[in-house]
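# Working through the structure, step by step
The primary structure of each chain is shown beneath.
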Amino acid sequence: MNFNHPTAKPVVLCADDYGIAPGVGCGIRALATAGRLSATSCMTVFAEWCDEASRLADATDRIDVGLHLTLTDHAPLGAMPRLAPGGRLPALGRLIRLAHLRQLDRDEVAGEIARQLDAFETAVGRPPAFVDGHQHVHVLPVVREAVLALFADRLDRRRTWLRSCAEPPARILRRRVDAARALAVSTLAGPLHRDAVRTGIAGNRGFAGVTSFRPGRSVAADFAAYLDHTGPRPLVMCHPGEPDDLLTARDPVVGQRATELAYLGSDGFAELLEDRRLVLARGPAWGV
């Protein structure tokens, strides 16, 4: 890959879900070491988080390490009697309904977000390079307001950027990769994107990687489509990892992670980047 090509365009390739299971962490670290990632987004709600963070320490100077806010499916770090009365956060569909009906307790949500940020900073030793959400929860009503308040009150906008999931519909349709799902995510993300632009919070301008992890999916074809149609400051998310028993217990996406891991580490992916004259870069390449 010719990373010094004068016309190379920077793109952030972000591996989501670091911390969900040791196998995912192992795969992400391997790609980071090989220069095949430029960011990873960390879940801090699991008991293994501090150990996983320590294993990532060598990569923090090479890639952006961000906070992957988690408000679905797993146990929160603190008591949430309204959203997680039994000690487990709701499924995404229920969270979306509660958010749009304005039935989320903003103080409760903000408190859990603060705890997850505390856990990140304690383990990593610095603020996150960026903030986003597991299953894109950061774009939802009430949640997005708490995220914006975090930038107003605690995070330094010169050091931390915010992931935007908004994307022009025409670009999504040109990719022809799970377009209905990608359009839904982008529609939900629009208000947060506009508020971030209005308030001067830096972030990507161009978002790809939404997938249903459908059977028979061609990972190579999907990534080619993502990288053929990018925005001016693009980010592509991915979900690589090595399957293990803990991942199987915690998440339905297992085998596809191994497929993405193999492809992103392959010569084929390197050739795709070179052919498209793209260079994997951290958020500061955009001028964050």
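Definitions and cut-offs
As a convention, each chain's residues are numbered from 1 in the sequence order in which they are written. It should be noted that, the model being predicted, local features are given only for residues of pLDDT at least 70 and side-chain atom pairs only at 80 or more, the latter also being counted only at that level, while totals for whole chains, interfaces and linings use all residues. Heavy atoms throughout the structure, all of them, feed into the side-chain values; hydrogens and water do not. Secondary structure counts use DSSP, requiring at least four H or I residues in a row for a helix and at least two E residues in a row for a strand, with both numbered from the N terminus. In this scheme, a residue with accessible area under 20% of its type's maximum is buried, one over 50% is exposed, and one in between is partly exposed, where area comes from a 1.4 Å probe on protein chains only. Contacts are assigned to residue pairs that have any heavy atoms within 4.5 Å of one another. What qualifies as a polar contact is a pair of N or O atoms within 3.5 Å, subject to a donor-acceptor requirement within protein and to the restriction that residues adjacent in sequence count only when both atoms come from side chains. Think of it as the arc spanned by the lines of direction from the helix axis to the C-beta atoms. An axis is simply a line fitted to the C-alpha atoms; with a helix, the fit covers only the stretch in contact. Between two such axes, the angle follows the N-to-C directions and lies from 0 to 180 degrees. Handedness of a helix crossing follows the sense of rotation of the near helix relative to the far helix, less than a right angle counterclockwise being left-handed and clockwise being right-handed. The nonpolar class holds Ala, Val, Leu, Ile, Met, Phe, Trp, Tyr, Cys and Pro. Asp, Glu, Lys and Arg form the charged class, and all remaining residues, Gly among them, are polar.

## Some words on the environment of arginine 144
Tracing the sequence through the fold places arginine 144 in helix α5 (residues 143-153). A relative accessible area of 13% means that arginine 144 is categorised as buried. Expressed as a C-alpha distance, the spacing of arginine 144 and serine 164, which sit 20 residues apart in the sequence, is 11 Å. Beyond its immediate stretch of four places on either side in the chain, arginine 144 contacts Arg102, His138, Val139, Leu188, Pro191 and Leu192. At 3.1 Å, the side chain of arginine 144 forms a polar contact with the backbone oxygen of valine 139.

## So, the environment of arginine 36
Take arginine 36: it is sitting in the loop between α1 (22-33) and β2 (39-42). Linking arginine 36 and leucine 264, residues 228 residues apart in sequence, is a C-alpha distance of 6.5 Å. At 3.4 Å, the side chain of arginine 36 forms a polar contact with the backbone oxygen of glycine 265. A polar side-chain atom of arginine 36 sits 2.8 Å from the main-chain carbonyl oxygen of serine 266.

## Some thoughts on helix α2 (residues 49-56)
Every buried residue belonging to α2 is among Trp49, Glu52, Ala53 and Leu56, and all of these are buried. Within α2, the buried residues cover an arc of 100° as seen down the axis, which keeps them to one side. The secondary structure elements touched by the buried residues of α2 are β1 (9-18), α1, β2, β3 (64-69) and α4 (106-124).

## Details of the packing of helix α8 (residues 219-228) against helix α10 (residues 255-264)
The contact between α8 and α10 brings their axes to 10 Å, and the two run at 65°. Seen from above, α8 lies across α10 with right-handed handedness. Residues Val219, Ala220 and Phe223 of α8 form the contact with α10, whose participating residues are Gln256, Thr259, Glu260, Tyr263 and Leu264. Grouping the constituent residues of the contact of α8 with α10 by class yields 5 nonpolar, 2 polar and 1 charged.

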